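In case you want the letters, here they are:
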Amino acid sequence: MTRRSTPTLYKAEREIAELVLGADAAKWNSIAAVWEREGLPRIDPMTGMRFWPAVQSFLLRRHGLVDTSAPTQPDGCETW
């Protein structure tokens, strides 16, 4: 029986660089430093890696593919 590969939630910088930038992966360190100031999730001190779903979410929001607007006031009482 072959073992199926399961996607990992935490990814190393090298792997993220390749996934995000492809052939330009060498630019990742300088780009990540700027994006961290914009909200890119930082490296988790426990794992030494970044939480990949949060990185994906950041990139989708950054490029306007996810609507992040939320109501600023409650819309009223719930009537169950």
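Before reading on, note that the structure itself is shown above.
Residues numbered from 1 in each chain as written. Predicted model: local features only at pLDDT ≥ 70, side-chain atom pairs only at ≥ 80, totals over all residues. Heavy atoms only, no water.

Undergrad: What should I look at first to understand the packing of aromatic side chains in this one?
TA: For any pair of aromatic rings, the description rests on two quantities: the centre-to-centre distance and the angle between the ring planes. On inspection of all chains with the given rule, the structure shows 3 aromatic pairs. For the ring pair Trp 35 and Phe 58, a centre distance of 6.1 Å and an interplane angle of 55° mean the geometry is tilted. A residue pair is termed long-range when its members are at least 10 positions apart, and Trp 35 in helix 2 (residues 28-38) and Phe 58 in helix 3 (residues 52-62) qualify at 23 residues. In this pair, the class of Trp 35 matches that of Phe 58, namely buried. What links up through ring pairs into an aromatic cluster is the set Trp 28, Trp 35 and Phe 58. (Phe/Tyr/Trp six-rings, centres within 6.5 Å; stacked < 30°, edge-to-face > 60°. Helix = DSSP H or I, 4+ residues; strand = E, 2+ residues; numbered from the N terminus. Buried < 20%, exposed > 50% of the residue type's maximum accessible area, 1.4 Å probe, protein only.)

Undergrad: Can you help me understand a nonpolar patch on the surface in this one?
TA: A surface patch of nonpolar side chains, amounting to about 260 Å² of accessible area, comprises Leu 9, Tyr 10 and Phe 51. Counting through the fold element by element, Leu 9 comes out in the segment before strand 1 (10-11). (Patch = residues over 30% accessible without salt bridge, like charges linked within 9 Å, V, L, I, M, F, W, Y side chains within 5 Å. Areas by Shrake-Rupley, 256 points an atom, 1.4 Å probe, with all protein chains shown as cover. Salt bridge = Lys/Arg side-chain N within 4 Å of Asp/Glu carboxyl O.)

Undergrad: Is there a simple way to think about the packing of helix 1 (residues 13-21) against helix 3 in this case?
TA: Any two packed helices are characterised by how steeply their axes cross, that is the angle between the axes, and by the distance between the axes. Interhelical geometry of helix 1 versus helix 3 gives an angle of 30° and a closest axis separation of 12 Å. With respect to each other, helix 1 and helix 3 are oriented roughly parallel. Judged by the twist between their axes, the crossing of helix 1 over helix 3 is right-handed. Residue-level inspection shows Ile 16, Leu 19 and Val 20 of helix 1 in contact with helix 3, the latter providing Trp 52, Val 55 and Leu 59. Among the residues making up the contact of helix 1 with helix 3, the classes are represented as 6 nonpolar, no polar and no charged. (Axes fitted to C-alpha atoms, helices over the stretch in contact; angles between N-to-C directions. Parallel < 35°, antiparallel > 145°, perpendicular 65-115°, else oblique. Left-handed = near helix turned anticlockwise from the far one by under 90°. Contact = heavy atoms within 4.5 Å. Nonpolar A, V, L, I, M, F, W, Y, C, P; charged D, E, K, R; others polar.)

Undergrad: What am I meant to see in helix 1 here?
TA: Helical geometry: 3.6 residues make up each α-helical turn, so side chains three or four residues apart lie on a common side. Those residues of helix 1 lying buried are Glu 13, Ile 16 and Ala 17. Buried residues in helix 1, looked at end-on, bunch into an arc of 105°, giving them a common side. (Arc of directions from axis to C-beta.)

Undergrad: Help me understand the nonpolar core in this model?
TA: Counting residues in hydrophobic clusters, the biggest one holds 11 residues: Ile 16, Ala 17, Ala 25, Trp 28, Ala 32, Trp 35, Leu 40, Trp 52, Val 55, Phe 58 and Leu 59. Elements supplying a minimum of two residues to this core: helix 1, helix 2 and helix 3. The element contributing the most residues to this core is helix 3, with 4 residues. The residues touching Leu 59, leaving out its near neighbours within four places in the chain, are Val 20 and Trp 35. (Core = buried A, V, L, I, M, F, W, Y, C linked by side-chain atoms within 4.5 Å.)

Undergrad: Help me out: how do you make sense of the side chain of Arg 50 in this one?
TA: Secondary-structure assignment places Arg 50 in strand 2 (residues 50-51). A distance of 2.9 Å separates polar atoms of two side chains, one belonging to Arg 50 and the other to Glu 36. (Polar contact = N/O pair within 3.5 Å; in protein donor to acceptor, adjacent residues only side chain to side chain.)

Undergrad: How should I be thinking about the pattern of salt bridges in this particular structure?
TA: One side chain can pair with another of opposite charge once the charged atoms of both are near each other. Evaluation of the coordinates by the stated rule reveals 5 salt bridges. Linking Glu 13 and Arg 50 is a salt bridge whose minimum nitrogen-to-oxygen distance equals 2.6 Å. Of this pair, Glu 13 sits in helix 1 while Arg 50 sits in strand 2; the two residues are 37 residues apart in sequence, bridging distant segments of the chain. You can call Arg 50 buried: its relative accessible area is 2%. Between Glu 36 and Arg 42 there is a salt bridge, and its shortest N-O distance comes to 2.8 Å. Owing to a relative accessible area of 54%, Arg 42 belongs among the exposed residues under this scheme. Each of Glu 13, Glu 36, Arg 42 and Arg 50 takes part in salt bridges that share partners, so that together they form one network.

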